[in-house]
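Below, each chain spelled out in residue letters.
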Amino acid sequence: MAALKPGTQIDVLAADEAGPEACLVSAVDDGALTCLKEDPANDTRLVFPRSAVREVRMWEVAPERHVGRWILAGVVLGWALR
């Protein structure tokens, strides 16, 4: 968990929870993972003791490849119809 940087978007599955909590990493140390709940309406801080964390998933923003494909298709179509 120490490799998580503040501001990283994660899902945390705790041992006593039915489902994951989506949050932004605030701090990580040897004893706990602290993050801010992803809810613009409130500033809820979640603290997970290290022993209670079953799983942490990081979210990565993937490039939108389909946008480039549509641009390429338009260029090719425009070139073919000239």
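Before reading further, recall that the structure is shown in the block above.
Figured I'd write up the structure that's included with this text.

1. Focus: the state of the cysteines
Working step 1: The final tally for this structure, using the stated rule, is one disulfide.
Working step 2: The side chain of Cys-23 participates in a disulfide bridge whose partner is Cys-35; the two sulfur atoms lie 2.1 Å from each other. Judged by the sign of its S-S torsion, about -75 degrees, the cystine formed by Cys-23 and Cys-35 is left-handed. Taken together, the residues span a long stretch of sequence, with Cys-23 in strand S2 (residues 21–28) and Cys-35 in strand S3 (residues 32–37) at a distance of 12 residues. Each member of the pair Cys-23 and Cys-35 is classed as buried.

2. Brief notes about the sheet that holds S3
Working step 1: What the five strands build is an open sheet, ordered S4-S3-S2-S1-S5; its pairing is antiparallel. Each edge of the open sheet is held by one strand with a lone partner, namely strand S4 (45–49) and strand S5 (53–58). On average, adjacent strands in this sheet sit at an angle of 45 degrees to one another, irrespective of strand direction.

3. Some details on the side chain of Asp-11
Working step 1: Residue placement: Asp-11 occurs in strand S1 (residues 9–14).
Working step 2: Of the side chains bearing the opposite charge, Arg-57 lies closest to the buried Asp-11, which forms no salt bridge; the N-O distance is 5.5 Å.
Working step 3: Excluding its chain neighbours within four sequence positions, the residues that come into contact with Asp-11 are Pro-20, Glu-21, Ala-22, Glu-55, Val-56, Arg-57 and Trp-59.

4. A short note on the nonpolar core
Working step 1: With 11 residues, the main nonpolar core is built from Leu-4, Ile-10, Val-12, Ala-14, Cys-23, Val-25, Leu-33, Cys-35, Leu-46, Phe-48 and Val-53.
Working step 2: If you list the elements that add at least two residues to this core, you get S1, S2, S3 and S4.
Working step 3: Top element by residues in this core is S1. It accounts for three residues.
Working step 4: In this structure, Ile-10 is in contact with Leu-4, Glu-21, Ala-22, Cys-23, Val-25, Leu-33, Val-56, Arg-57, Met-58 and Trp-59, ignoring residues within four places of it in sequence.

5. So, the side chain of Thr-8
Working step 1: Its location among the elements puts Thr-8 in the segment before S1.
Working step 2: Classification of Thr-8 by relative accessible area gives buried; the value is 18%.
Working step 3: Sequence-distant contacts of Thr-8, defined by excluding residues within four places in its chain, comprise Cys-23, Leu-24, Val-25 and Met-58.

Rules used in this analysis
Residues numbered from 1 in each chain as written. Predicted model: local features only at pLDDT ≥ 70, side-chain atom pairs only at ≥ 80, totals over all residues. Heavy atoms only, no water. Disulfide = S-S within 2.5 Å. Helix = DSSP H or I, 4+ residues; strand = E, 2+ residues; numbered from the N terminus. Buried < 20%, exposed > 50% of the residue type's maximum accessible area, 1.4 Å probe, protein only. Pairing = 2+ DSSP bridges. Axes fitted to C-alpha atoms, helices over the stretch in contact; angles between N-to-C directions. Lys, Arg positive; Asp, Glu negative; His and termini not counted. Salt bridge = Lys/Arg side-chain N within 4 Å of Asp/Glu carboxyl O. Contact = heavy atoms within 4.5 Å. Core = buried A, V, L, I, M, F, W, Y, C linked by side-chain atoms within 4.5 Å.

Read these as layout, nothing more, since geometry by itself doesn't imply function.
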